[in-house]
Amino acid sequence: MSSFNNCIKFELDIKEKNIVFKDYFYKMVQMKKHKIYEAELIQPACPFCGSLDLLHNGHLITNIHYPTANASLPVIIRLAKQRVKCRDCERWSMAQSELVNKYCSISNASKLKVLSALTEDRSMTSIARENNVSINTVQRVLGNCSHRFIDSYEYLPAHLAFDEFKGVDRQLHFICLDGDSHQVVQILRTRYKKNLLKYFGRFSPQARANVKTVTMDLNFYYQDIVRACFPNAQIVIDRFHMIQMLTRSFNSLRVQVMKTFDKRSRQYQLLKSPWKLYLKKYDELEKIHPRYNWHYKDCLTQAQVVTEGINTSTTLENSYNLMQSFIQAVETGNTHELKSLINCQDQIGTLMHKTLLTFKHNLTAVLNGAALPYSNGCLEGFNRKIKQIERTAFGYSNFTNLLIRIRLEENQYKEKEPNSLLMNA
């Protein structure tokens, strides 16, 4: 019996001495074949006084779901827990084990396996199916992680990045990242100004004074929050958003100019079909090998197409040259050139003129975006990961569950007192 017991314990990776395995067999449960182990949980001493003089009074049989490498053959441990009475203190007790929590039929090993699977990009249904548990069990394990993420209001990174993402019910949630380590600082349910001021106001003055730069898009009230909460921080406008605004303005002007020509004309076809070429950097255009295009019935290089297209309008040509010079100045960090371009007096499109006025209104932050190496690239990449998490789960209706899943997949789970995590799952 001892050898048989040790073999089963080795197979199931159970090291508790008070559990004694007696037999195993196969049985159909709910039209599925299960492997069932019979075991007894011994109570060696009184948990109240430590006495060894015990009176045994039957067992409580519990069917415990245990993880297995073969998901098609679930494992159940039919554990008989001894019920005893102490002859010294005359108190009743039931044998307890680290294998499973009290009043629970899901083993702690199964819950830890579910928790490990929750750190991957998988749906709760597939996790439940693999571990032979219900979806509600997976949700309980996920819910018990909410108190594990401890927020400290004594420290803030020197470089922050602000943005928002669409989450529960298509609402916009605020997200803040560390610009150096790319770790999440906080995710808030809303992005309203009063809520952000309340959150950052909880930090100590030393922590807020430690912030040197805050990278963001051109959201106007984010700048008010930075000025109110971070006295030593510089506002940095993300380079991608600046160039995106400029290219969209030019693209809108290109469409306007294109619609002034007849649809069968050469000018219309030059401005319509190769529209992507106008948004590329001029240095990246093909200038040697011409190619035939059936739209405008000619053999031209990419540079020739763009040159002939912008020559159809003086305003379009000035806007294109301004956009190309702006992109080059941002890439090289030439703030003097950037400042002169923002104050440009050439004839350009109306929307592009409004874009330059926006840059002029936020001139210091725009110049910081070109001069400093920080950007929201890490934040945009993390938002893409959040979208994948939501897509895998077909959306979330509970913000807390979404937040916990993001934290788990980010590997920011702080493992402290692991047994407390499984107490109520």
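Residues numbered from 1 in each chain as written. Predicted model: local features only at pLDDT ≥ 70, side-chain atom pairs only at ≥ 80, totals over all residues. Heavy atoms only, no water.

Draft legend 1. The arrangement of unusual backbone geometry in detail. For Gln 30, which is not glycine, the phi torsion reads 50° and is therefore positive. Tracing the sequence through the fold places Gln 30 in the loop between strand E1 (19-29) and strand E2 (32-41). Judged by relative accessible area, Gln 30 falls into the exposed class, the value being 77%. Positive phi outside glycine occurs at Lys 297, with the angle close to 50°. If you trace the backbone, Lys 297 turns up in the loop between strand E11 (291-293) and strand E12 (298-300). (Helix = DSSP H or I, 4+ residues; strand = E, 2+ residues; numbered from the N terminus. Buried < 20%, exposed > 50% of the residue type's maximum accessible area, 1.4 Å probe, protein only.)

Draft legend 2. Quick look at the sheet that holds strand E7 (residues 172-178). The strand order E8-E7-E6-E9-E10 describes an open sheet built from five strands, whose pairing is mixed. The two strands at the open ends of the sheet, each matched to only one other strand, are strand E8 (184-188) and strand E10 (234-237). Neighbour-to-neighbour, the strand axes of the sheet open up by a mean angle of 20°, direction not taken into account. Sheet topology places strand E6 (residues 159-166) next to strand E9 (residues 213-216); three bridges connect them, and they run parallel. Considered in E9, the bridge of Ala 161 is made with Thr 215. Along the sheet face, helix H5 (residues 193-201) touches E6, E7 and E8 and points at about 140° away from the line of E8. Docked against the sheet, helix H16 (residues 377-392) engages E6, E7 and E8, running at close to 30° with respect to E6. (Pairing = 2+ DSSP bridges. Axes fitted to C-alpha atoms, helices over the stretch in contact; angles between N-to-C directions. Contact = heavy atoms within 4.5 Å.)

Draft legend 3. How the structure looks around the pattern of salt bridges. Evaluated as defined, the whole model comprises 14 salt bridges. The residue Lys 281 makes a salt bridge to Glu 284 at a minimum N-O spacing of 3.5 Å. Residue Glu 284 is classed as partly exposed on the basis of its relative accessible area of 47%. Among the salt bridges present, the one from Glu 409 reaches Arg 405, with a minimum N-O distance of 3.5 Å. Taken together, the residues Glu 409 and Arg 405, both in helix H17 (residues 399-409) and four residues apart, mark about one turn of the helix. (Salt bridge = Lys/Arg side-chain N within 4 Å of Asp/Glu carboxyl O.)

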